[in-house]
Amino acid sequence: ERVSAVVAGILLALAGAVGATVCQRRILARVATAIDGSALDYIAERILRLPLGHFQVRRTADIQRRLVGMREIRRVFVEDGVVALTASIQLVVALVVLACYSWTVALLFLLVMPVYGLLMRYSRRRLKPVFDSLEEAFGRYQSKQLDAIRGIEVVKVFGAEASFRQTLLREFDGLADKLYRRDA
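The shown structure was predicted, so the numbers you read here are calculated from the model rather than taken from an experiment. (Residues numbered from 1 in each chain as written. Predicted model: local features only at pLDDT ≥ 70, side-chain atom pairs only at ≥ 80, totals over all residues. Heavy atoms only, no water.)

1. With respect to the overall build of the chain
Helices and strands together make up the secondary structure of the chain, namely six helices and zero strands. Moving toward the C terminus, one meets the helices and strands of the chain in the order α-α-α-α-α-α. Looking at the 184 residues of the chain, the share that counts as buried comes to 11%. Residue pairs in contact within the chain that sit at least 24 positions apart in sequence constitute 66% of those at least 6 positions apart. For the chain, the accessible area works out to roughly 14,900 Å², and carbon and sulfur atoms hold 67% of it. (Helix = DSSP H or I, 4+ residues; strand = E, 2+ residues; numbered from the N terminus. Buried < 20%, exposed > 50% of the residue type's maximum accessible area, 1.4 Å probe, protein only. Contact = heavy atoms within 4.5 Å. Areas by Shrake-Rupley, 256 points an atom, 1.4 Å probe, with all protein chains shown as cover.)

2. Looking at the confidence of the model for the chain
Scored by pLDDT, the chain has a mean of 77; 85% of the residues are at 70 or more. When mean pLDDT is compared element by element in the chain, helix α4 (residues 103-150) scores highest at 81, while helix α5 (residues 152-158) scores lowest at 68. (pLDDT = per-residue confidence, 0-100.)

3. Focus on a nonpolar patch on the surface
Among the surface-exposed residues, Val-3, Val-7, Leu-11, Leu-14, Val-18 and Val-22 lie close enough to one another that they form a single nonpolar patch of about 550 Å² accessible area. Residue class for Val-22 comes out partly exposed when judged on its relative accessible area of 46%. (Patch = residues over 30% accessible without salt bridge, like charges linked within 9 Å, V, L, I, M, F, W, Y side chains within 5 Å. Salt bridge = Lys/Arg side-chain N within 4 Å of Asp/Glu carboxyl O.)

4. A word on the environment of Leu-175
Turning to its location among the elements, Leu-175 is positioned in helix α6 (residues 161-180). The sequence separation of Leu-175 and Tyr-141 amounts to 34 residues, and the corresponding C-alpha distance is 7.5 Å. When sequence neighbours within four positions are dropped, the list of residues in contact with Leu-175 reads Leu-134, Ala-137, Phe-138 and Tyr-141.

Structure, rendered in structure tokens:
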């Protein structure tokens, strides 16, 4: 009889976990749909207000990269937002458990948290310019690739395959140098 109660408890906990997961996914789907609608409206409004000269100066890949960036922001907001909420709850639970077992360990944990936060802020400040530079270089490289695909007929007609290949290779090497700092 005791085994039956344990099995029933396990099944009940499993059913609760499945129910919570389904609810979480439904909430995520609704939030993602709302964000997608708002982002689409915002982007469409901004793009339609831009003058024609903006599109003549920019390459298609630049615009596409920005749209992909908006998609990535949405993904981070929706998926990582839930992870952040869950992590916050876990942090509070960990603090409560630490406080129940040892006040000194809990206080030590609380004292170290601001130092950890400051280190994370410092690393973000140092890495953001590097990341921005890499993103710009990757955008240029991707833009040239897309232009090459769209203009391959011209390259073929003029017989410029070798020089075009060299140009793409130079662009890639420049990007790889920025990525892996070959000069270091």
